[in-house]
There are 2 protein chains.
Amino acid sequence: MPRKWISVLLLLQLSCHFSPGSCGKVLVWPTEYSHWINMKTILDALVQRGHEVTVLTSSASILVDPNKPSAIQFEIYPTSLTKDDFEDLFTRIISKWTYMPKYAFFTYFSLMQDIIWEYNDCIQTLCKEVVLNKKLMTKLQESRFDVVLADAAGPCGELLAELLKVPFVYSLRFSVGYTIERYSGGLPFPPSYVPVILSELSDHMTFMERVKNMIYVLYFDFWFQTFTEKWDQLCSKALGRPTTLFELMGKADIWLIRTYWDFEFPRPLLPNFVFVGGLHCKPAKPLPKEMEEFAQSSGENGIVVFSLGSMVTNMTEERANVIASALAQLPQKVIWRYDGKKPDTLGPNTRLYKWIPQNDLLGHPKTKAFITHGGTNGIYEAISHGIPMVGLPLFADQPDNIAHMKTKGAAVRLDYNTISSADLLNALKTVISDPSYKENAMKLSRIHHDQPVKPLDQAVFWIEFVMRHKGAKHLRPASHDLSWFQYHSLDVIGFLLACVATATFVITKCVLFCCRKLFKTGKKNKRE
Amino acid sequence: MPRKWISVLLLLQLSCHFSPGSCGKVLVWPTEYSHWINMKTILDALVQRGHEVTVLTSSASILVDPNKPSAIQFEIYPTSLTKDDFEDLFTRIISKWTYMPKYAFFTYFSLMQDIIWEYNDCIQTLCKEVVLNKKLMTKLQESRFDVVLADAAGPCGELLAELLKVPFVYSLRFSVGYTIERYSGGLPFPPSYVPVILSELSDHMTFMERVKNMIYVLYFDFWFQTFTEKWDQLCSKALGRPTTLFELMGKADIWLIRTYWDFEFPRPLLPNFVFVGGLHCKPAKPLPKEMEEFAQSSGENGIVVFSLGSMVTNMTEERANVIASALAQLPQKVIWRYDGKKPDTLGPNTRLYKWIPQNDLLGHPKTKAFITHGGTNGIYEAISHGIPMVGLPLFADQPDNIAHMKTKGAAVRLDYNTISSADLLNALKTVISDPSYKENAMKLSRIHHDQPVKPLDQAVFWIEFVMRHKGAKHLRPASHDLSWFQYHSLDVIGFLLACVATATFVITKCVLFCCRKLFKTGKKNKRE
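Everything quoted here is computed from the prediction, not taken from an experiment.

To continue, consider the packing of helix H3 (residues 83–98) of chain A against helix H4 (residues 105–131) of chain A. Residue and element names in this part refer to chain A. Two elements in contact, H3 and H4, have axes whose closest approach is 10 Å; the angle formed by their N-to-C orientations is 165°. Classified by the interaxial angle, the pair formed by H3 and H4 is roughly antiparallel. Both H3 and H4 take part in a crossing whose hand is left-handed. Judged by residue contacts, Phe 86, Leu 89, Phe 90, Arg 92, Ile 93, Lys 96 and Trp 97 of H3 engage Tyr 108, Met 112, Ile 115, Ile 116, Glu 118, Tyr 119, Cys 122 and Leu 126 from H4. Of the residues that constitute the contact of H3 with H4, the class distribution is 12 nonpolar, no polar and 3 charged.

Moving on, we get to the relation of the copies chain A and chain B. It takes a turn of 180° to lay chain A on chain B, together with a shift of 0.0 Å along the axis; the resulting RMSD is 0.1 Å. The symmetry that links the two subunits is that of a two-fold axis. Within chain A, Leu 269 of chain A has its C-alpha nearest the rotation axis, a separation of 2.7 Å. Take the interface residues of chain A: 100% of them recur as interface residues in chain B, which is what a same-surface contact looks like.

All names here are of chain A. On the basis of which strands lie adjacent, the open sheet formed by 6 strands has the order E10-E9-E8-E11-E12-E13 and parallel pairing. Because the sheet does not close on itself, it has two edges, and the strands there are strand E10 (350–353) and strand E13 (411–413). Here the average twist between neighbouring strands, direction ignored, is 15°. Of the strand pairs in this sheet, strand E8 (residues 303–307) and strand E9 (residues 333–337) are connected by 4 bridges, and their pairing is parallel. Paired with Val 304 across the two strands is Val 334, which belongs to E9.

Another aspect to go through is the state of the cysteines. Residue and element names in this part refer to chain B. A full pass over the atoms with the stated rule returns 2 disulfides over all chains. In this model, Cys 127 is linked to Cys 156 through a disulfide, with the two sulfur atoms separated by 2.0 Å. Negative torsions about the S-S bond denote left-handed disulfides, and the value of about 80° found for Cys 127 with Cys 156 makes this one right-handed. In this pair, Cys 127 sits in helix H4 (residues 105–131) while Cys 156 sits in the loop between strand E4 (147–151) and helix H6 (157–164), placing the two residues 29 residues apart along the sequence. Neither residue differs from the other here; Cys 127 and Cys 156 are each classed as buried. Unpaired in terms of disulfides, Cys 122 finds its nearest cysteine sulfur in Cys 127, a separation of 12 Å. Left unpaired, Cys 499 is separated from the closest cysteine sulfur, that of Cys 510, by 16 Å. Under the relative-accessibility criterion, Cys 499 is labelled partly exposed at 34%.

This part covers the interface of chain A and chain B. The parts lose accessible area when they come together, and the size of an interface is often stated as this lost area. Each partner contributes residues to the interface: chain A has 50 residues there, and chain B has 50 residues. Roughly 4200 Å² of surface becomes buried between chain A and chain B when both sides are summed, with 71% attributable to carbon and sulfur atoms. It is Tyr 193, Asp 450 and His 474 of chain A that lose the most area in chain A upon contact with chain B, and together they represent 14% of the buried surface on that side. For the interface between chain A and chain B, the tally reads 4 salt bridges. Notably, a salt bridge pairs Asp 491 of chain A with Arg 210 of chain B, separated by 2.5 Å at the nearest N-O pair. Applying the counting rule to chain A against chain B returns 11 residue pairs in polar contact (both at pLDDT 80 or more). When residues of the side of chain A that touches chain B are traced back to their parent elements, those giving at least two are helix H8 (207–227), helix H17 (435–449), helix H18 (455–469), helix H19 (484–487) and helix H20 (490–527) of chain A. Considering every element that reaches the side of chain A that touches chain B, the biggest residue donor is H8 of chain A, with 7 residues. Class assignment of the residues belonging to the side of chain A that touches chain B gives a composition of 32 nonpolar, 9 polar and 9 charged.

The next thing to look at is helix H12 (residues 317–328) of chain B. A rise of 1.5 Å per residue sets the reference length of H12 of chain B, with its 12 residues, at 16 Å; its end C-alpha atoms lie 16 Å apart and thus fit the reference within 8%. Packing partners of the buried residues in H12 of chain B comprise strand E8 (303–307), strand E9 (333–337), strand E10 (350–353), strand E11 (367–372) and helix H16 (421–433) of chain B.

Residues and elements named next belong to chain B. Taking burial as the measure, the 5 residues of strand E1 (residues 25–29) include 4 buried ones, the bulk of the element. Judged from the 4 bridges that link them, E1 and E4 form a sheet pairing that is parallel. The residue bridging Val 28 from the neighbouring strand is Leu 149, located in E4.

Together, Asp 84, Asp 85, Glu 87 and Asp 88 of chain A make up a negatively charged patch on the protein surface. Tracing the backbone through its elements, the reader meets Glu 87 of chain A in helix H3.

Next up on the list: the domain arrangement of chain A. Residue and element names in this part refer to chain A. Domain annotation for chain A reports domain 1 (25–252), domain 2 (289–450) and domain 3 (478–509). Distance from the C-alpha centre of domain 1 to the C-alpha centre of domain 2: 29 Å. Counting each side, the surface lost to burial between domain 1 and domain 2 is near 1700 Å², with a carbon and sulfur contribution of 58%. When the area that domain 1 buries against domain 2 is broken down by residue, the three leading residues are Ile 94, Arg 173 and Glu 200, summing to 32%. Between domain 1 and domain 2 we count 2 salt bridges in total. Where Glu 200 meets Arg 413, a salt bridge forms, and the shortest distance between an N and an O atom there is 3.0 Å. Summed over the shared surface of domain 1 and domain 2, the number is 8 residue pairs in polar contact (both at pLDDT 80 or more).

Another point: unusual backbone geometry. For Ser 489 of chain A, which is not glycine, the phi dihedral falls at a positive 60°. The topology assignment puts Ser 489 of chain A in the loop between H19 and H20. Despite not being glycine, Leu 198 of chain B shows a phi value in the positive range, around 85°. With respect to the helices and strands, the residue Leu 198 of chain B is situated in the loop between helix H7 (179–184) and helix H8 (207–227). Leu 198 of chain B sits in the buried class, given a relative accessible area of 5%.

The rules we used
- Here the residue numbers are simple positions, counted from 1 along each chain's written sequence.
- Throughout, the order in which chains and ligands are written sets their labels, letters from A for the former and numbers from 1 for the latter.
- Owing to the predicted nature of the model, reporting of local features is limited to residues with pLDDT of at least 70; listing and counting of side-chain atom pairs is limited to 80 or more, with chain, interface and lining totals taken over all residues.
- Side-chain figures throughout are based on the complete set of non-hydrogen atoms in the structure, without hydrogens or water.
- Note on method: axes are straight lines fitted to C-alpha atoms, helices fitted across the in-contact stretch only, with angles between N-to-C directions ranging 0 to 180 degrees.
- Counting from the N terminus, the helices are DSSP H or I runs at least four residues long and the strands are E runs at least two residues long.
- Note that the term roughly parallel is reserved for angles under 35 degrees, roughly antiparallel for angles over 145, roughly perpendicular for angles of 65 to 115, and oblique for everything else.
- Crossings are assigned a handedness: left-handed for a near helix turned anticlockwise from the far helix by less than a right angle, right-handed for a clockwise turn.
- The contact definition used throughout considers only heavy atoms, calling two residues in contact when any of these lie within 4.5 Å.
- As a working rule, the residues Ala, Val, Leu, Ile, Met, Phe, Trp, Tyr, Cys and Pro are called nonpolar, Asp, Glu, Lys and Arg charged, and the rest polar, with Gly in that last group.
- The copies were overlaid by least squares, fitting only the C-alpha atoms of residues that reach a pLDDT of 70 or more in each copy.
- Should DSSP find at least two bridges between two strands, the strands are regarded as paired.
- Pairs of cysteine sulfur atoms within 2.5 Å are identified as disulfides in what follows.
- Only protein chains enter the accessibility calculation, which uses a 1.4 Å probe; a residue is then buried when its area is under 20% of its type maximum, exposed when over 50%, and partly exposed in between.
- Put simply, buried area is how much 1.4 Å-probe accessible surface two parts lose in total, over both of them, once they are put together.
- The working definition used for a salt bridge is a side-chain nitrogen of Lys or Arg within 4 Å of a carboxyl oxygen of Asp or Glu.
- Identification of polar contacts relies on pairs of N or O atoms within 3.5 Å, with a donor-acceptor requirement for protein atoms, meaning one able to donate a hydrogen and the other able to accept it, and with residues adjacent in sequence counted only if both atoms are side-chain atoms.
- Multiplying 1.5 Å by the residue count of a helix minus one yields the expected span of that helix.
- The patches reported here contain residues having more than 30% relative accessible area and no salt bridge. Joining distances are 9 Å for like charges and 5 Å for nonpolar side chains (Val, Leu, Ile, Met, Phe, Trp, Tyr).
- Here the open area of atoms and residues is found with the Shrake-Rupley method and a 1.4 Å probe, where only the protein chains shown may cover a residue.
- When charges are counted, Lys and Arg contribute as positive and Asp and Glu as negative, whereas His and the chain ends are disregarded.
- By convention, the charge on Lys lies at NZ, on Arg at CZ, on Asp at CG and on Glu at CD.
- Where each domain begins and ends is defined by an automated method or by a domain database.

What follows is the structure, encoded as structure tokens:
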């Protein structure tokens, strides 16, 4: 049989068309930037398996570009926002978050709260423009989707699923303080060994670190109470009955968490939480010719790859010069993704690119280290190829991501706002010359690649499972039906304590009564 | 290429010989009866993949029969116990446990405790005869095993692994009150929605059921403190340093739990707990000719399969007659695994067999129902083939197993000691004629078969993973390094409360002081 036919047969076997009636219709509620890059990998895989994928996207969307050729369908809804509004919002958020005073707890978090409120208002505007758009909703109803795949970082997917009466699957890296995972997913996070996200702690904490972690948990718990109010109103209005965002989110059939145990500290999970970190990672492809020649020209010293991710391609002139002067002193060649003014201190060993094939570079045999902002996608590419890192975290989960890699011995962390050239140079020399960093990065790589099911297959499997079985209710813990005091058994503990107190009281009274009786009888006898 | 060669190539690809250096040596510490049946499936798979498997078994072992032809190697150590002692022990245990007064909580559990102590003493004798046998231990040391696979129901595997300095994997259905999973594995079991084993509760509990569950948890917690004392002494003696059984058990790299979410109620897990329930299930093979003819003679009514498992093949004459008379009234044909005196009330529709091919019978298209004692292996065969059940649980986890199936709508539960013929007849009629039982059993079957990795492949993968990586420490939660009050954050809560109290005290004092000052100044001013 010709090889071409064998490939076609293999593809057919992988496709849902192979088992009749198992091809489904997926409605997607995406989020922008790196979230979309990650989710698109799942959507491409679903399309390749024969499913029909429709992405619900606004006319203001940035990265979700319906004009790029793709087998994914885009349902574009009109919005009062413009693309510029949207881009401005993100630029403002990044800039605020990056330069926030991280040392002052309450100032930092109240600023962060403002940022999240602003983002949240924007997402809510978009959500309103979908769920209150009768024509669009009728069209979606008539499309008879089998599942909604939603990024939990921007609510609305759960409301759409409820309105369309279809099960839904979340894709999620984290929510602030793990509040959504805890309050909606029912996931336990014992604060004694599970550092809450944004705390930058490890799983082995000193007493004072555990105190800090507990304060963070209490703060986020309080914060969460104020977060959902507006959403609760919108959900109730759209559904025509009183409900809460928290309640709707808790109906998720599967939570695809975009990490794995190569990255996370071991912690409790639930059967409907599936860890799919690094699902976008692929073997490296050959580099463009000019880049390959540059890499090869590094000789035995190899190359260093530097990128601050898809959201930050620029920086202040002062920071750029500090960094460039450190890079200039390296014996390695440096490939830097940068879209700003060429720094004056740029060395001849450093080349600037507006865009780099990051995964292919990290998988290149010459690559010795990766200077990263610590986005989850980039970190996973480094883990996948076993490359040690120097972290310059900026915002969101990035400081925590780098803290994880540092704890696992595969990264050195620096402060982007305050580093000097010497700091960066020393950090790079350390991760390149101290073999433990490479060994630990390779260990993470081996863990990443040695899973019973590849992360992307895992994600596709569970989305298809939800379509096949119209949900995954058998994985839903009964804790969803308990109030918080029932969940923590406070009513039971109170009842048992009351029983013990009553029993002690009754026994004491009886003993006292008997003693008194005996005493009186004794006295009487004596008198007689 | 001839088909024979293709098969050989496929087998080679599955074998560890395909990747040089990845074939390992596995030392096994087994437990008897159904535990061994389950574990042997894993061992056969490991042998088939090219690993060298050595089972450490005593000369008194019952089911571990080294004379049966097998590629598994058996290392038989001498013991002061005889096979008869061993068989007597199990007969005594079963008989005591089956007829225990289940209604009286403390009597029931104190009798159960006696039984477990007796079993425990026996296992400890065997363990001593291994770890204090210098010749045997030297031989095992020299064999350079890569992993120990141990059934956690009978301790010693963890001690052997520690002495041989190799990682180890547990196979476990449950420990009494989930104490080992909780105290050694660090697995959280919130008593508000996770019914403790032996409580026979479901995950949706009323207030009084939650009170009952909490009392069970407290009872088992107390019970566990007294359980390990003797083992702690043996472990410390064998290792020449003070240690505890609990500490050694907690070093398990992977816990292979012999259930899955088709059977369990959803509850928290940890990354090193892998659920492999029903790994022994296979498609049904054709029945022996005589049995097939009998099954076919049932016509449209079909057949009922009845077995009380590998440990109970007999019963009292009175019970046998009650059961036989119920079965005689069925329109179905009945295949009954029974080794006692033929009951007088046996109907012509019922045939007795000393042994039955249970899995093949449950997978037979004529099978309508399964009367079972509720052993996990049998229940999984019924789940696998989607057969509704009538449960006559006898001891150990059997009442809980049936309670799970009852909650999931796939079984009716009866009390073996007290049922009448009418009870059994009605129960059978219900599970056969009410379509919901078949539907629910089929639903469980679909869940069972629709997993990203088959349970047996999952078990083999993780044993091989531990061999490849010399452990799985990246999955071990940091909770193992915390004391119980640290784990529950009691020190942190205490500290924070003390801080709040101190702050309140200081502020109150300051306010009072200021008030007094102001009051005094006011008086002075007035006087002036």
